[in-house]
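Survey of secondary and tertiary structure
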There are 4 protein chains.
Amino acid sequence: MIPTTEKASPDMRVFEQLESEVRSYCRSFPTVFEKAQGYKLWDTQGREFIDFFAGAGALNYGHNHPAMTKKLVDYLTSGNIVHSLDMATKAKEEFLKRFDEVILQPRQLDYKVMFPGPTGANTVESALKLARKVTGRETVISFTHAFHGMTLGALSITANSFKRHGAGVPLNHAVSMPYENYLGDAVDSLTLLERYLEDKGSGIDLPAAIILETVQGEGGINVASSQWLKQVEQLCRRWDILLIVDDVQAGCGRTGPFFSFEAAGIEPDIICLSKSIGGYGLPMALTLIKPEFDKWAPGEHNGTFRGHNLAFVAATEALSFWETDTFTKETLRKGEKVKLALQRMADDHPELEAEVRGRGLMAGIAFGETDFASKVCKEAFTRQLIIETSGPDDEVAKLLPPLIIDDEGLDRGLAILEESIKAAKA
Amino acid sequence: MIPTTEKASPDMRVFEQLESEVRSYCRSFPTVFEKAQGYKLWDTQGREFIDFFAGAGALNYGHNHPAMTKKLVDYLTSGNIVHSLDMATKAKEEFLKRFDEVILQPRQLDYKVMFPGPTGANTVESALKLARKVTGRETVISFTHAFHGMTLGALSITANSFKRHGAGVPLNHAVSMPYENYLGDAVDSLTLLERYLEDKGSGIDLPAAIILETVQGEGGINVASSQWLKQVEQLCRRWDILLIVDDVQAGCGRTGPFFSFEAAGIEPDIICLSKSIGGYGLPMALTLIKPEFDKWAPGEHNGTFRGHNLAFVAATEALSFWETDTFTKETLRKGEKVKLALQRMADDHPELEAEVRGRGLMAGIAFGETDFASKVCKEAFTRQLIIETSGPDDEVAKLLPPLIIDDEGLDRGLAILEESIKAAKA
Amino acid sequence: MIPTTEKASPDMRVFEQLESEVRSYCRSFPTVFEKAQGYKLWDTQGREFIDFFAGAGALNYGHNHPAMTKKLVDYLTSGNIVHSLDMATKAKEEFLKRFDEVILQPRQLDYKVMFPGPTGANTVESALKLARKVTGRETVISFTHAFHGMTLGALSITANSFKRHGAGVPLNHAVSMPYENYLGDAVDSLTLLERYLEDKGSGIDLPAAIILETVQGEGGINVASSQWLKQVEQLCRRWDILLIVDDVQAGCGRTGPFFSFEAAGIEPDIICLSKSIGGYGLPMALTLIKPEFDKWAPGEHNGTFRGHNLAFVAATEALSFWETDTFTKETLRKGEKVKLALQRMADDHPELEAEVRGRGLMAGIAFGETDFASKVCKEAFTRQLIIETSGPDDEVAKLLPPLIIDDEGLDRGLAILEESIKAAKA
Amino acid sequence: MIPTTEKASPDMRVFEQLESEVRSYCRSFPTVFEKAQGYKLWDTQGREFIDFFAGAGALNYGHNHPAMTKKLVDYLTSGNIVHSLDMATKAKEEFLKRFDEVILQPRQLDYKVMFPGPTGANTVESALKLARKVTGRETVISFTHAFHGMTLGALSITANSFKRHGAGVPLNHAVSMPYENYLGDAVDSLTLLERYLEDKGSGIDLPAAIILETVQGEGGINVASSQWLKQVEQLCRRWDILLIVDDVQAGCGRTGPFFSFEAAGIEPDIICLSKSIGGYGLPMALTLIKPEFDKWAPGEHNGTFRGHNLAFVAATEALSFWETDTFTKETLRKGEKVKLALQRMADDHPELEAEVRGRGLMAGIAFGETDFASKVCKEAFTRQLIIETSGPDDEVAKLLPPLIIDDEGLDRGLAILEESIKAAKA
């Protein structure tokens, strides 16, 4: 266990004075960070923090991975092109080839690669546009507790009412359907969707696409079963609806395999990737499109930072993790370890009505009492563990450690979490 | 003049096979780029190109500026934190302080700084959301030939019909009004807008905001006069409408001063910055908000890549250009040079019905004949000059050289352009 | 039983040549009608038809009720004002007083009376506008298989996909939730709605109103239970949602009591009436509003034919039916008779998988086989019974005889229906 | 001049207590009307009023026209069918034939006749739906100061901000363009529209239809010139846009000829009729559709009161006015008389900055001072003349006397108006 530092907290005044009120995480973690390595962060006071947040899933390979640092420094010092819009570059070519060889081909997946603007929201916006173009339909079906981004199109399929309200205009062309287990065990949540689709009098227009996260991160670590995902895929096939998997947070190995849907054996028509695809936390996003749906006209969706070559360089290096199945296996093993630890905490404190959730290293513990998860995270921060809440009522403490974390790091983090739970109860 | 190379063109097959049909600039500039420095690019065959496109305005300081390279390499090799969501970091703090000292304070501007997702579209989306929240109104007024981005909210205020059509859903809550001179000299384009606003029977709902570019880049290098901008500001004040200046392309010195609206003496309520704000072509965006309108709730607009520290590092270094007014003066001087050269070309070829447009180093030459500008750009590429078209019918050859270009570079580029015009006529 | 006439059918050519393709019922009932009385119609060939359709519910008091005819003729021949916009007239005053005395006061109901344009769609549009104004919210929740009208607002909450498609624009600001038993016995259809409302992460914005028909007419004669209606009312109270009952088809005694919701003991915030409120089939509509929600500004919703005095005259006379409870009792008695007869038909033909539905004299028999109900109605027409289908797949033969029908008429109609079922099977 | 009555005003309490706050005209004309004939009204106190409002244009043939009364009474007393949905009836057949013979054929017009719900709003909604279906486009262009109705679709193309605000949801899919002279003489208001249509970068999506009133009634009696109407028609032809003329208020002879656009020599693709088409003030509406655009599926737009046979009977009789051109000539003659009288009033009171407007018997006098027109109308009412304001600021006193008014009636009304102007000035 790390002793709580006695040092004075860094001065946050610059941020308070100059930055907009919209700032968020710097309020939960009120210090100024300076250094980072792997699963560790250090603030300007030299305090060391364990990172169980990992850039909200953008740092699956940890902070500042040395092999990537080296590639980036080499790239920068060799006069290679850094910004290139969507022009062809050697760095992009290498990424494309490597992605094809290491990710697509071994999985027998056939997708065209689109580089939208380098944010999760932008890959989602591109997916929605394409699905509507291909089908000539407008409605998109998303799910309760879904999070897909904060731009207007992505927000229309995001479920959180606080975030939706921020739009300032009504959010339309989307219908939110119950995610698996939304109505408890008694009701098959797809019954309603299927009934809506097959009934010409349902009031729900035939959709262009169904978009989903296989594990809902912001929504509270809700895990869809393989069976449910397959059923959704079947509904899509039956009515020629495009299936979009938003793998921005759950992809890139977070749940074990590279794509979060691999275990389910489904084949989405469009896949949205961002966050960890850039390897090093550099802005990058991909939209993968089945060739038969790649109906874009040139430039029909574009953006200035599609060609961020530093991200290509780091991303290419990051793909090395995927040459064998070791990385997946290790993630699953650590995931089990986390799950057991969390379950033990839940069992030790039955009065918290805690529920353990997750798949791979995307885990959470939900608490019955309002605000309890927030208290836990606050206590954790004073103990130098970075961990965040999720869920519509912030009722879940969410664990997203870097996948490269070692057992010592995991153990230390989990120990702090346990201690924080106890402190939050006091 | 650079002799056209005899070398074989690089192989584009990887891009054609693996990348989506949506790719665009790699079709106009069909080669594989590898190196870059200042205003020059080299492809994998070693051919040297002059860059009059500058990352569509993202590279005002040129490719791979040595001082920034050094800072980036130092940052990377010192174990500093690279990805940090919107947590407070030393790199971010330095950027904020420097931006305040070098940009805001000397101009007596008082704005809170928001870091949206690192794209131009995202800063625009954040501006629209905030304006709607602050005013409780829905409609936003934009202008003919405007370009503000490709996500759903930004697209709703983008004028180009091809791009709009890509939305796949109707684009609403926005009204497109005539930009200055849209109807020629005879009609004051703001007469209609003013009449609409003051008339309770106009059919145009009172807007939350008016958003504009002071020079329309994608729209064909249309320049608004200071007088027109002031009139727009007055309309905004009269009806409590927020004035948003989208300075994504025209800002960061492109027209001479840091902000494109400085000459007009207006003070927008919200300013959108991206592209060159990152200094080095790294993804970054800012939304500047007058303090009285900074009504965001924490996290009401967020995103994973708000805290891209490499961009902060380069951006901070880039601000050094703004410590004196030399940079502005040089840009204006070069802008005049370009304008004179373009005017001479126009005069030499009266049959082309060419019209010279622009401010600072944001210049264009419009041609009467359809497709002629495209032919010119194509010819230029074979002569190793990178230059693109703009305007609703691609009728304008647009010149966006890096601001740091020297006279030799400018002369060489302009000479190729002239030669390309001649070739296109043949 | 009425023998099928040998006479030649009337010539429909005028309608085919001059009237738009949109015409509908004249295709199902291809003859030219001339006379009508009570539950009978006669065409220009003198053929007598029994009317089990009753103007789609607009003729609860039968065709050309003699007492109303007399009042109308007296009114017309006395020089009384016929058209008066929404100016005060003696005829309107009498209607208002009579409606208050005979309908509202005895039921201890307190509503302000609004006269929208004289169509069902218009009362619905006025209800939606008012609910949105009062609550400041945009979304309205409607139900699967709902029908509320064909103008854009009413259509947005109408479930039928064919009708929705006619809008030509996306239909927004509305969410269709499962009506009672939509998902069968196993699932309480309100569970989902309640969950959606109480969950801040449901993706469904808090609605301005819930609008429903207690018996869905166009939707296939789906009957909501009192318990379900009460539960909906409770949900509305819990979240300050306005409850709108669209009693256009089910009201005015169609299900027994004057308002269809009386049995359930609920008190809607807004009630929509049209069809039979005019007594004689004359265009008229009412919107009843709880006084606390009567937040209209003068003229905020208006229309030319709000003051249709002939309708007021007939409507006032029609209220005489409601001075005692005899009319209600008789309707319920006849409803039972119809139900028994239909059930017998269903039992006699188990292979038709027929299901009997309804309340009061709003009854239906659904058939398992596609198109069978249409065949039955076609056969019935040749036997001189007017009866229509309903339901999203036209799978239900719908019985809406005038409430004033006598037992002989009912028996004759039911006999023809039975015969038609047999004929349709052949 | 009629002496102001000394009698006590009728009691309005029933209306105040039982009717919704939305009531409007009964506030401007606070008495209870009982009798009516031609251009005269009598209240329950026996006071006689001259009607210069004519049911907002629904009573072109005056109140209770004797020939129509007779037909209606005959129809009612002969047991003829009154309500018939859209089934074929003898009364409808006669109307269709007569309309074809008297209106369409002599004008060499070829239109299919659609009977939408019996309100002006409903014919407009049907026109919008059809135009969108036929063209596959969504946007509709309407004009400043337009009024097309209060249901959601019709409201989206209505310009008045108070009325628009009542929608409670944003009004979309429509663009309001300047009506003729909206920007004064200096600017051709169609220049902007034409520029918008021909420019792919205008930000205005190619519309399905342009809808207009040739004389804007609610908008302030704004008269479009024949030349302007022809230009609009040419724009429609050039871009395959449907031209919809909303002749609800200006049609049926109000401006002289049966259709208000006849003088301009244009041929709309869709024509909306209501108000006076029913002859007697009975609810009725028609949508006339060029055969090539009659692409409705059966029942794609429907309604309960499409088959209001009393309206057909009165409407058929009313067509007798159109057998010769006498009626048109008389209307034009009276119109000139009104115009001269109004101009004289304007000239006599230059300080009122009055402006005379109108065509045929659709006339208005606009005043410079706010509220002056309202004062005039109020004074007129005390002098027993019914006259209303129009325009976005109620700045116009609008004259819509029944077309059948005799010279004595006109003179008396105009004399009261003049006296009221004087009184309002005091």
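Residues numbered from 1 in each chain as written. Chains lettered and ligands numbered in written order. Predicted model: local features only at pLDDT ≥ 70, side-chain atom pairs only at ≥ 80, totals over all residues. Heavy atoms only, no water.

The name given to chain A in an unreviewed UniProt entry is Diaminobutyrate--2-oxoglutarate transaminase, with Desmospora activa DSM 45169 as the source organism. Under Sequence similarities (unreviewed entry), UniProt gives the following word-for-word description of chain A: "Belongs to the class-III pyridoxal-phosphate-dependent aminotransferase family." Looking at the Pathway (unreviewed entry) heading of the UniProt record, one finds this comment for chain A: "Amine and polyamine biosynthesis; ectoine biosynthesis; L-ectoine from L-aspartate 4-semialdehyde: step 1/3." (UniProt positions renumbered as here; feature names shortened; annotations may be inferred.)

With respect to the packing of helix 5 (residues 90–104) of chain B against helix 11 (residues 309–318) of chain B
Residue and element names in this part refer to chain B. Relative to each other, helix 5 and helix 11 sit at 35 degrees, their axes nearing to 9 Å. Crossing hand, helix 5 versus helix 11: left-handed. For the pair formed by helix 5 and helix 11, the contact residues are Ala91, Lys92, Glu94, Phe95 and Arg98 on the first element and Asn309, Phe312, Val313, Ala315 and Thr316 on the second. Class assignment for the residues of the contact of helix 5 with helix 11 results in five nonpolar, two polar and three charged. (Axes fitted to C-alpha atoms, helices over the stretch in contact; angles between N-to-C directions. Helix = DSSP H or I, 4+ residues; strand = E, 2+ residues; numbered from the N terminus. Left-handed = near helix turned anticlockwise from the far one by under 90°. Contact = heavy atoms within 4.5 Å. Nonpolar A, V, L, I, M, F, W, Y, C, P; charged D, E, K, R; others polar.)

Details of the interface of chain A and chain B
Chain A puts 103 residues into the contact, and the matching count from chain B is 103 residues. Sorting the residues of chain A by area buried against chain B places A:Leu18, A:Val22 and A:Phe305 first, and these three jointly supply 8% of that buried surface. Taking the shortest distance from any N to any O, the salt bridge between B:Lys92 and A:Glu19 comes out at 3.1 Å. Between the two partners, chain A and chain B, sit 41 residue pairs in polar contact (both at pLDDT 80 or more). The dominant element in the side of chain A that touches chain B, judged by the number of residues it contributes, is helix 5 (residues 90–104) of chain A, at six residues. Tallied by class, residues from the side of chain A that touches chain B come to 48 nonpolar, 30 polar and 25 charged. (Buried area = accessible area lost by both parts, 1.4 Å probe. Salt bridge = Lys/Arg side-chain N within 4 Å of Asp/Glu carboxyl O. Polar contact = N/O pair within 3.5 Å; in protein donor to acceptor, adjacent residues only side chain to side chain.)

Comments concerning helix 4 (residues 66–77) of chain A
Residue and element names in this part refer to chain A. Here helix 4 contains 12 residues, and its C-alpha end-to-end distance of 16 Å stays within 8% of the 16 Å for a straight helix at 1.5 Å per residue. Within helix 4, burial applies to Met68, Thr69, Leu72, Val73, Tyr75 and Leu76. In an axial view of helix 4, the angular spread of the buried residues amounts to 160 degrees, which keeps them on one side of the axis. In helix 4, those exposed residues whose orientation departs by more than 90 degrees from the buried face are Pro66, Lys70 and Thr77. Just downstream of helix 4, Gly79 is the residue with a positive phi angle, here 75 degrees. (Expected span 1.5 Å × (residues − 1). Buried < 20%, exposed > 50% of the residue type's maximum accessible area, 1.4 Å probe, protein only. Arc of directions from axis to C-beta.)

With respect to the pairing of strand 2 (residues 40–43) of chain D
All names here are of chain D. A one-sided burial pattern is seen for strand 2, the buried positions being Leu41 and Asp43 and the unburied ones Lys40 and Trp42. The pairing of strand 1 (residues 33–37) with strand 2 spans four bridges and is antiparallel. Note on strand 2: the bridge partner recorded for Phe33 is Asp43. The turn linking strand 1 back onto strand 2 is made up of two residues, and Gly38 within it adopts a positive phi angle of 55 degrees. By the bridge criterion, three bridges tie strand 2 to strand 3 (residues 48–51) in an arrangement that is antiparallel. By the bridge assignment for strand 3, Trp42 is matched with Glu48. (Pairing = 2+ DSSP bridges.)

Here's the deal with the relation of the copies chain A and chain B
Aligned on chain B, chain A shows an RMSD of 0.0 Å; the corresponding rotation is 180 degrees and the shift along the axis is 0.0 Å. Here the transformation between the copies is reduced to the relation of a two-fold axis. Mapped onto chain B, 100% of the interface residues of chain A again fall at the interface, so both copies present the same surface. (Least-squares fit on C-alpha atoms with pLDDT ≥ 70 in both.)

Focus: the sheet that holds strand 16 (residues 388–390) of chain B
All names here are of chain B. Strand order in the open sheet formed by four strands is 13-14-17-16, with antiparallel pairing between adjacent strands. A single partner strand is all that each edge strand has here, and the edge strands are strand 13 (355–359) and strand 16. Looking at each pair of strands side by side, their axes are set apart by 30 degrees on average, direction ignored. Note that strand 14 (residues 362–366) and strand 17 (residues 396–399) share four bridges and pair antiparallel. In the strand pairing of strand 17, Ala363 is matched with Leu399.

Some thoughts on helix 10 (residues 226–238) of chain C
All names here are of chain C. For helix 10, built from 13 residues, the straight-helix expectation of 18 Å at 1.5 Å per residue is met to within 8% by its first-to-last C-alpha distance of 18 Å. All of the buried residues along helix 10 are Trp228, Leu229, Val232, Glu233, Leu235 and Cys236. In a view along the axis of helix 10, the buried residues occupy a sector of 155 degrees, so they form one face of it. Pointing more than 90 degrees away from the buried face of helix 10 are the exposed residues Gln227 and Gln234. Elements that come into contact with the buried residues of helix 10 comprise strand 5 (140–143), helix 9 (189–198), strand 7 (209–212) and strand 10 (242–246). Within two residues after helix 10, Asp240 carries a phi angle of roughly 50 degrees, on the positive side.

Overview of the nonpolar core
Within the largest apolar cluster, 477 residues are counted, with the highest numbers of intra-cluster contacts made by A:Phe99, B:Phe99, C:Phe99 and D:Phe99. Dropping the residues within four chain positions of it, C:Phe99 is found in contact with C:Leu104, C:Val113, C:Phe258, C:Phe259, C:Leu273, C:Ile277, C:Leu286, C:Leu288 and C:Leu319. (Core = buried A, V, L, I, M, F, W, Y, C linked by side-chain atoms within 4.5 Å.)

Brief notes about the packing of aromatic side chains
All names here are of chain A. Under the definition given, this model contains 88 aromatic pairs over all chains. Here Tyr61 and Phe327 contribute two aromatic rings whose centre-to-centre distance is 5.9 Å and whose plane-to-plane angle is 20 degrees, an arrangement assigned as stacked. With Tyr61 in the loop between helix 3 (54–57) and helix 4 and Phe327 in helix 12 (residues 326–348), the pair connects residues that are 266 residues apart, well separated along the chain. Residue class for Tyr61 comes out buried when judged on its relative accessible area of 2%. Phe327 gets classed as buried once you look at its relative accessible area, which sits at 10%. (Phe/Tyr/Trp six-rings, centres within 6.5 Å; stacked < 30°, edge-to-face > 60°.)

A look at the environment of B:Leu400
Residue and element names in this part refer to chain B. Relative to the assigned elements, Leu400 resides in the loop between strand 17 and helix 14 (407–425). Spatially, the C-alpha atoms of Leu400 and Arg254 are 8.1 Å apart, while their sequence positions differ by 146 residues. Those residues in contact with Leu400, other than ones at most four positions away along the chain, are Phe52, Phe53, Ala54, Ala56, Gly57, Gln249, Arg254, Leu361 and Met362.

So, the domain arrangement of chain A
Residue and element names in this part refer to chain A. Parsing chain A into structural domains produces domain 1 (13–64 + 326–425) and domain 2 (69–322). With centres defined by C-alpha atoms, the gap from domain 1 to domain 2 works out at 25 Å. Where domain 1 abuts domain 2, roughly 2,600 Å² becomes buried across the two surfaces, and 54% of that area is made up of carbon and sulfur atoms. Of all residues in domain 1, Tyr61, Arg359 and Met362 give up the largest surface area on contact with domain 2, accounting jointly for 33% of the area buried on that side. If you look at where domain 1 meets domain 2, you find one salt bridge. Where Lys398 meets Glu218, a salt bridge forms, and the shortest distance between an N and an O atom there is 3.0 Å. (Domains from an automatic or database assignment.)

Topic: the pairing of strand 11 (residues 270–273) of chain C
Residues and elements named next belong to chain C. What you see with strand 11 is no split at all: Ile270 and Cys272 on one side and Ile271 and Leu273 on the other are buried throughout. Note that strand 10 and strand 11 share three bridges and pair parallel. In the sheet register, Ile244 faces strand 11, and the bridge partner there is Ile270.

Overview of the sheet that holds strand 14 (residues 362–366) of chain C
Residues and elements named next belong to chain C. Taken in spatial order, the four strands line up as 13-14-17-16 in an open sheet, and their pairing is antiparallel. The two strands at the open ends of the sheet, each matched to only one other strand, are strand 13 (355–359) and strand 16 (388–390). In this sheet, neighbouring strand axes are inclined to one another by 30 degrees on average, regardless of whether the strands run parallel or antiparallel. Relative to strand 14, strand 13 runs antiparallel, the two sharing five bridges. Opposite Arg359, over in strand 14, you have Met362 as the bridge partner.

A short note on the pattern of salt bridges
For the coordinates displayed, the defined rule picks out 145 salt bridges over all chains. Close ionic contact of D:Arg344 with D:Asp348 constitutes a salt bridge, the shortest N to O distance being 3.9 Å. Highlighted residues: D:Arg344 and D:Asp348, both in helix 12 (residues 326–348), separated by four residues, approximately one helical turn. Since its relative accessible area comes to 44%, D:Asp348 is described here as partly exposed. One salt-bridge network, held together by shared partners, links A:Glu21, A:Arg23, A:Arg27, B:Lys112 and B:Asp294.

Here's the deal with the side chain of D:Asp247
Residue and element names in this part refer to chain D. Note that Asp247 resides in the loop between strand 10 (242–246) and strand 11 (270–273). Polar side-chain contacts of Asp247 include one of 2.5 Å to the side chain of Ser260. Setting aside its immediate chain neighbours within four residues, Asp247 contacts Thr214, Phe258, Phe259, Ser260, Phe261, Ile271, Cys272 and Leu273.

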